[in-house]
Amino acid sequence: MQLTGAEIIVECLKEQGVDTVFGYPGGAILNVYDALYEYRDEITHVLTSHEQGASHAADGYARATGKVGVCMATSGPGATNLVTGIATAYMDSVPVVAITANVGKALLGKDSFQEVDIVGITRSITKYGVTVRKREDLGRIIKEAFYIARTGRPGPVLVDLPKDVMCELGSPEYPKTVNIRGYKPNTSVHIGQLKKAIKVLEKAKRPLFLAGGGVNIARAGEIFTQVVEKTQVPVVTTIMGRGAIPTDHPLFVGNLGMHGAYAANMAVSNCDVLFSIGTRFNDRITGKLHAFAPNAQIIHIDIDTASISRNIQVDIPIVADAKEAITKMAEYVTEQNTEKWLGQIQAWKEEQPPNMKDRKLMSPLDIISEINRQFEEAIIVTDVGQHQMLVTQYAELNNKKHLVTSGGLGTMGYGLPGAIGAKIGNPDIPVIAISGDGGMQMNIQEMATAVLEELPVILCIFNNEYLGMVRQWQKLFYGKRYSMTNLKSGALSRRTNGEEFPSEYVPDFVKLAESYGAKGIRVMKKEDIAAAFEDAKKNTKTPTLIEFIIDPENPDRDESFMEKFVTNIVGKLCRAAYDVGDLMEKKSVTFPLPLDYTLEIYLEDSNGPEDEWIELSVSKNSTVCVTDSTDEVSRMELKEAIERIIRKLYHVPKAQQREISVETPDGTITAKIIPDLEYPGISLEFCGKDGCPGAILEYSPTVCGVQLRVYGKDEPDGDPIHVIRMN
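Residues numbered from 1 in each chain as written. Predicted model: local features only at pLDDT ≥ 70, side-chain atom pairs only at ≥ 80, totals over all residues. Heavy atoms only, no water.

Enquirer: Give a detailed account of the overall build of the protein, specifying residues and quantitative values.
Expert: When its secondary structure is counted, the protein shows 27 helices and 30 strands. Considering only residue pairs separated by 6 or more positions, the protein has 72% of its internal contacts joining residues 24 or more positions apart. Total accessible area on the protein stands at roughly 31300 Å², and carbon and sulfur atoms take up 49% of it. (Helix = DSSP H or I, 4+ residues; strand = E, 2+ residues; numbered from the N terminus. Contact = heavy atoms within 4.5 Å. Areas by Shrake-Rupley, 256 points an atom, 1.4 Å probe, with all protein chains shown as cover.)

Enquirer: Requested: an account of the confidence of the model for the protein, with residues and values cited.
Expert: Predicted confidence across the protein gives a mean pLDDT of 80, with 75% of residues reaching 70 or more. Residue range residues 554-718 is modelled with pLDDT below 50. Its contacts to residues more than four positions away, or to other chains, number 370 contacts. Here residues 720-727 scores under 50 on pLDDT; set against residues more than four positions off or in separate chains, the count is 56 contacts. (pLDDT = per-residue confidence, 0-100.)

Enquirer: Could you give an account of the sheet that holds strand S7 (residues 156-162), naming the residues involved and the relevant values?
Expert: The six strands lie next to each other as S3-S2-S4-S5-S7-S6, forming an open sheet whose pairing is parallel. The sheet is open, and its two borders are formed by strand S3 (44-47) and strand S6 (128-131), each paired with just one other strand. For this sheet, the mean angle separating the axes of adjacent strands, direction not counted, is 20°. Direction of pairing for strand S4 (residues 69-73) relative to strand S5 (residues 96-102): parallel, over a ladder of five bridges. (Pairing = 2+ DSSP bridges. Axes fitted to C-alpha atoms, helices over the stretch in contact; angles between N-to-C directions.)

Enquirer: Quick one: what's the story with a nonpolar patch on the surface, residue by residue and with numbers?
Expert: A grouping of Met258, Trp473, Leu476, Phe477 and Tyr478 is seen on the molecular surface, where their side chains present a nonpolar patch of about 550 Å² in accessible area. If you trace the backbone, methionine 258 turns up in the loop between strand S11 (252-255) and helix H12 (262-270). (Patch = residues over 30% accessible without salt bridge, like charges linked within 9 Å, V, L, I, M, F, W, Y side chains within 5 Å. Salt bridge = Lys/Arg side-chain N within 4 Å of Asp/Glu carboxyl O.)

Enquirer: Please provide a residue-by-residue account of the environment of methionine 329, values included.
Expert: Along the chain, the position of methionine 329 falls in helix H14 (residues 322-332). A sequence separation of 134 residues divides methionine 329 from lysine 195, and the C-alpha atoms of the two residues are 8.2 Å apart. Those residues in contact with methionine 329 that sit more than four places away from it in its chain are Leu194, Ile198, Phe209, Val227, Phe275 and Ile301.

Enquirer: So what's going on with the packing of H12 against helix H15 (residues 339-351)? Residues and values would help.
Expert: Here H12 crosses H15 at 140°, and the two axes come no closer than 8 Å. Judged by the inter-axis angle, H12 sits oblique to H15. Taken as a pair, H12 and H15 cross one another with a handedness that is right-handed. On H15, the residues that touch Tyr262, Ala263, Met266, Ala267 and Asn270 of H12 are Trp341, Ile345, Trp348, Lys349 and Glu351. Of the residues that constitute the contact of H12 with H15, the class distribution is seven nonpolar, one polar and two charged. (Parallel < 35°, antiparallel > 145°, perpendicular 65-115°, else oblique. Left-handed = near helix turned anticlockwise from the far one by under 90°. Nonpolar A, V, L, I, M, F, W, Y, C, P; charged D, E, K, R; others polar.)

Enquirer: With reference to specific residues and values, describe the pairing of strand S19 (residues 519-523).
Expert: Across five bridges, S19 lies against strand S20 (residues 544-549) in parallel orientation. Residue arginine 522 lies in a different strand from S20, and its bridge partner there is glutamate 547. Taken together, S19, helix H24 (residues 529-538) and S20 form a β-α-β motif whose crossover is right-handed. (Right-handed = clockwise from strand over helix to strand, strands pointing away.)

Enquirer: Kindly report on unusual backbone geometry, identifying the contributing residues and their values.
Expert: When glycine is set aside, most residues are seen to have a negative phi, and most peptide bonds are trans. Each neighbour pair has its own omega, and for valine 506 with proline 507 the value is 0°, a cis peptide bond. Following the sequence through the fold, proline 507 ends up in the loop between helix H22 (491-495) and helix H23 (509-516). If you check the backbone angles, glutamine 114 has positive phi at about 55° while not being a glycine. Structurally, the position occupied by glutamine 114 is in the loop between S5 and helix H6 (118-121). You can call glutamine 114 partly exposed: its relative accessible area is 29%. Its identity is not glycine, yet glutamate 465 carries a phi of approximately 70°, on the positive side. Looking at the secondary structure, you find glutamate 465 in the loop between strand S18 (458-463) and helix H21 (468-477). The buried category is assigned to glutamate 465, whose relative accessible area is 16%. (Buried < 20%, exposed > 50% of the residue type's maximum accessible area, 1.4 Å probe, protein only.)

Enquirer: Just give me the short version of the packing of aromatic side chains, but keep the residues and values in it.
Expert: Here the structure, examined in full by the defined rule, presents 10 aromatic pairs. The interplanar angle of 85° and the centroid separation of 6.0 Å between the aromatic rings of tryptophan 341 and tryptophan 348 together place this pair among those described as edge-to-face. Summarising the burial analysis for this pair, tryptophan 341 and tryptophan 348 share the class buried. Ring pairing ties together the aromatic residues Phe375, Phe462, Phe533 and Phe548, which thus form one cluster. Here the basic side chain of lysine 537 rests over the ring of phenylalanine 375, its NZ or CZ set 5.1 Å away from the ring centre. (Phe/Tyr/Trp six-rings, centres within 6.5 Å; stacked < 30°, edge-to-face > 60°. Lys NZ or Arg CZ within 6 Å of the ring centre and 35° of its normal.)

Enquirer: Help me get a handle on the pattern of salt bridges, residues and values and all.
Expert: In total, this model carries 16 salt bridges according to the counting rule given. One salt bridge in this structure joins glutamate 465 and lysine 488, with 3.4 Å as the shortest N-O distance. Taken together, the positions of glutamate 465 in the loop between S18 and H21 and lysine 488 in the loop between H21 and H22 put the pair 23 residues apart, joining distant regions of the chain. On the basis of relative accessibility, which here comes to 12%, the residue lysine 488 falls in the buried class. Across the pair arginine 522 and glutamate 547 runs a salt bridge whose closest N-O atoms are separated by 2.9 Å. In this pair, arginine 522 sits in strand S19 while glutamate 547 sits in strand S20, placing the two residues 25 residues apart along the sequence. Under the relative-accessibility criterion, glutamate 547 is labelled buried at 3%. Among the ionic contacts, a cluster of salt bridges with common partners joins Glu11, Lys14 and Glu42.

Enquirer: How would you summarise the sheet that holds strand S17 (residues 431-436) if you had to cite specific residues and measurements?
Expert: The strand order S16-S15-S17-S18-S20-S19 describes an open sheet built from six strands, whose pairing is parallel. At either margin of the open sheet sits one strand with a lone partner, and together these are strand S16 (401-404) and S19. The mean angle between the axes of side-by-side strands here comes to 20°, regardless of whether they run parallel or antiparallel. Two strands pair when backbone bridges link them, and S18 and S20 are joined in this way by six bridges, in the parallel orientation. Bridge assignment links asparagine 463 to a residue of S20, and that residue is isoleucine 549. Together, strand S15 (378-382), S16, S17, S18 and S20 form the strand contacts of helix H16 (residues 364-374), whose direction differs from that of S18 by roughly 165°.

Enquirer: Break down the side chain of glutamate 370 for me, citing the residues and quoting the values.
Expert: With respect to the element layout, glutamate 370 can be found in helix H16. Here glutamate 370 falls in the buried class, since its relative accessible area comes to 12%. Polar contacts involving the side chain of glutamate 370 include one to the side chain of arginine 373, which spans 2.5 Å. (Polar contact = N/O pair within 3.5 Å; in protein donor to acceptor, adjacent residues only side chain to side chain.)

Enquirer: Got a sec to walk through the nonpolar core? Specific residues and values, please.
Expert: Phe22, Ile379, Val381 and Leu459 are the most contacted members of the largest nonpolar core, which has 48 residues in total. Looking at this core element by element, the count peaks at six residues for helix H3 (residues 51-65). Setting aside residues no more than four positions away along its own chain, leucine 459 makes contact with Leu416, Ala433, Met440, Met447, Thr544, Leu545 and Ile546. Of all hydrophobic cores here, the second largest spans 39 residues; its members include Cys12, Ile141, Ile148 and Met166. (Core = buried A, V, L, I, M, F, W, Y, C linked by side-chain atoms within 4.5 Å.)

Enquirer: Requested: an account of H12, with residues and values cited.
Expert: Turning to H12, its buried residues number three or more, namely Ala263, Ala264, Ala267 and Val268. Summarising the axial view, the buried residues of H12 lie within an arc of 135°, below the 170-degree limit, and thus occupy one face. If you follow the buried residues of H12, they end up packed against strand S9 (207-211), strand S10 (235-237), S11 and H15. (Arc of directions from axis to C-beta.)

This is the structure we're talking about:
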């Protein structure tokens, strides 16, 4: 019996043990989808909302299961939408087979409708890419694609199928073996080189293991930990190698590189033998090549011949699979005297421990610590940004808790679809996706996929209103010129030369999650983190989105007071004044506040009697109350006064400030002087916790005066912690 090209593709998938495919149909690939229809009980097709989501989900599935991930897309834009996912898989050595459709052979190269040379486009980001031009070659090519994807250094393979090849009848024969001339991946270990490396290791006084992503790809963590314990040699890891040894193991030092731990980098700089396994020595861990491990003999085990001595010249190269090599090492290594060396590393750890500043408000570390506490088993999938670096520093990983992240390409938007793939591949293991508010919106449409597939993924959004990682680089290397890293940037900020931004964040993630049919939770206080995760774990049929409101990263404002007060309270008051049309009639409006503070704002008419005023108070129950002594103060005056506060204290760029000093939460006297903009004059008074006045800076008075008082939650009737006056 003869089969069409589309039918033989499905038969090939079955032969390869494929039970899950991620994709999005289109006209050119409909023959394959029609063939899949007959086998829908054997092969599950997950319909994503975008082809990029399909490629990332196949990637996450492959990383979390060790199987080859499969994604499919139609011709033209469908195929090109896979490109970022293919590149992500290539950079991190993930086995993925991408199947794309194309126009008929007679139309190739003629700028036909939805025709692209997808093989040419992806040539530099695939291990192998081919357009199948003969129906009789189809079975062999599909088998070779899976073999190439999972052997040697794993990676993506693309198979492009002209439409007429999928329709053509042919033999159902499927080859039993693969024999590719020129592709013979190494499957053994050179014992002589390995013994030579072990002898060098045994003679070292300051030996160090460097574990890269190859150790995790080879699923070699358990045997690697045994070798480490047997030798008593400390370990540093790359970001992709994190988890190769449990992060709470006494011999684990930390991550190295620009986003790594001080002790790990010092250990690399001072070791005399660096025994590296499964790493490419990329720029994020080496820095200046001539200064990397300057005193060390370097041993490098890697499955990819091209990766050895490409970036760092090594002394002993060993081409081998990480697990095979480490298993052989276990037979030969012996315990070494590293007590003094371990003592030095411990001293470095104590000198500069990788701790975040303890803050009263919720921080990313509070969230990650709660994940560590509540989940004994989990797959943690991250997006890309500051949150990723924090997770790779502070998340506890072991043989039951694993990390999935885009390390090589650094793909924003990877987190959610990657978590979908991981969860489908591991339905009984909790999957937690962690993303920033920027990366979250790049593939937010895959929330529909998670809902429709009934996947109880827990999606954590660290919302700090900025592209935090990019802003951090602007701070360090671009003179604090913060160009387009505030995610509220738009028409208002352009119109006001960066002095004003919308008070509302767009979108409302909780409402957005609910619109998809998921559960949405917003957390604004660290005390509510545990309850949010407990609530999410009860949701077993749909995803749960938890939006954590993190302090905006703004290096020009003091975090202890200005950031907390202005950002979290005054901005919300401005929003209330803008959005509640009948505020003066209702006298109150309720909205959540992240701080346990009582706030009072008095608006006084300096030209009128002293007993005419408006008072706004924000109590601990988060109610804004408005009191008007004369009923003559309009809502417009209220709005304008609050606008003035925002303009003066929140949206004025550093370049327009005359002077600034740092405030501290213990009441240290500080002051910020801002030159005249549209409104002349400002006076600020700050008090310490004891209520004593601090510094007063005065300019000419304006028509209205504004006084702000902030009271501590422990002494609401006592002296104010801070007072701000504007005259």
